[in-house]
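Overview (structure and organization)
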Amino acid sequence: MSATDVLRVAAEGGVIGDGRTGANLALGVGLIGVATGWLSLARVAGGISTGNARTGAMSAMAVGLVGTALAALHLATSSGGPGTGNGIVGAIAAIPLGLVALALGRRALTRFRHIERSADHGGHERKFGSAS
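Residues numbered from 1 in each chain as written. Predicted model: local features only at pLDDT ≥ 70, side-chain atom pairs only at ≥ 80, totals over all residues. Heavy atoms only, no water.

1. Observations concerning the side chain of threonine 68
As for its position among the elements, threonine 68 is in helix H3 (residues 53-77). Residue class for threonine 68 comes out buried when judged on its relative accessible area of 15%. Here the side chain of threonine 68 touches glycine 64 through a polar contact of 2.9 Å, landing on its backbone oxygen. Each residue touching threonine 68, except ones within four places of it in the same chain, is listed here: Ile95, Gly98 and Leu99. (Helix = DSSP H or I, 4+ residues; strand = E, 2+ residues; numbered from the N terminus. Buried < 20%, exposed > 50% of the residue type's maximum accessible area, 1.4 Å probe, protein only. Polar contact = N/O pair within 3.5 Å; in protein donor to acceptor, adjacent residues only side chain to side chain. Contact = heavy atoms within 4.5 Å.)

2. Considering H3
Between the first and last C-alpha of H3 there are 36 Å, a value that for 25 residues agrees with the 36 Å anticipated at 1.5 Å per step. Residues of H3 that are buried: Ala53, Gly56, Ala57, Ala60, Gly64, Gly67, Thr68, Leu70, Ala71 and His74. (Expected span 1.5 Å × (residues − 1).)

3. Quick word on helix H2 (residues 20-45)
Helix length check: H2 (26 residues) gives 37 Å between terminal C-alpha atoms against 38 Å at 1.5 Å per residue, within 8%. Along H2, the residues classified as buried are Gly22, Ala23, Ala26, Val29, Gly30, Gly33, Val34, Gly37, Ser40, Leu41, Ala42 and Val44.

4. Thoughts on the environment of leucine 75
Relative to the elements of secondary structure, leucine 75 occurs in helix H3. A C-alpha to C-alpha distance of 6.2 Å links leucine 75 and isoleucine 88, two positions 13 residues apart in sequence. Not counting the four nearest positions on each side in its chain, leucine 75 is found in contact with Ile88, Ala91, Ile92 and Ile95.

5. Here we look at the confidence of the model for the protein chain
For the protein chain, mean pLDDT is 77; residues scoring 70 or higher make up 72% of the total. With pLDDT under 50 throughout, residues 124-130 is counted as low confidence; its partners more than four residues away or in other chains account for zero contacts. (pLDDT = per-residue confidence, 0-100.)

6. Quick look at a positive patch on the surface
Taken together, the side chains of Arg54, Arg106, Arg113 and Arg117 make up a positively charged region of the molecular surface. It is helix H4 (residues 88-128) that provides the largest number of residues to the positive patch, a total of three residues. Inspection of the secondary structure assignment puts arginine 54 in helix H3. (Patch = residues over 30% accessible without salt bridge, like charges linked within 9 Å, V, L, I, M, F, W, Y side chains within 5 Å. Areas by Shrake-Rupley, 256 points an atom, 1.4 Å probe, with all protein chains shown as cover. Salt bridge = Lys/Arg side-chain N within 4 Å of Asp/Glu carboxyl O. Lys, Arg positive; Asp, Glu negative; His and termini not counted. Charge placed at Lys NZ, Arg CZ, Asp CG, Glu CD.)

7. Focus: the packing of H2 against H3
The geometry of a pair of packed helices is captured by two quantities: the angle between their axes and the separation between those axes. At a closest axis distance of 8 Å, the pairing of H2 and H3 adopts a crossing angle of 160 degrees. By the criterion of interaxial angle, the relationship of H2 to H3 is roughly antiparallel. Crossing of H2 against H3: the hand is left-handed. When H2 is examined against H3, the residues Gly22, Ala23, Leu25, Ala26, Val29, Ile32, Gly33, Thr36, Gly37, Ser40, Arg43 and Val44 are found in contact with a partner set consisting of Ala53, Gly56, Ala57, Ser59, Ala60, Val63, Val66, Gly67, Leu70, Ala71 and His74. Across the contact of H2 with H3, the residue classes break down as 13 nonpolar, nine polar and one charged. (Axes fitted to C-alpha atoms, helices over the stretch in contact; angles between N-to-C directions. Parallel < 35°, antiparallel > 145°, perpendicular 65-115°, else oblique. Left-handed = near helix turned anticlockwise from the far one by under 90°. Nonpolar A, V, L, I, M, F, W, Y, C, P; charged D, E, K, R; others polar.)

Have a look at this one:
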């Protein structure tokens, strides 16, 4: 089974379950992405000392993208409208969650790179001293 088929089956609610399963999956993935992005930002700020902030930021971006894609696929393949029990409202709510996860991951990655660059420049100045 190709990756496209797997995403389509997941967006449609899987092999078993009702129409809300795909939306619930997208919501869960989006929430995991938001949590990962938030934890990655905390790592960059120094609030959490375990783990790698860069890896967390990249993970949050990837999970956010997957959550947004699952929600968009669910919206594209479900029939009916809001209130029909097909998970349309859940998929609509999952899209911003995935985008927030992407934004948090990007922000953490940007801060990580900024801190990494300033640490490299600070170490260089300490090694060779200042001109004054």
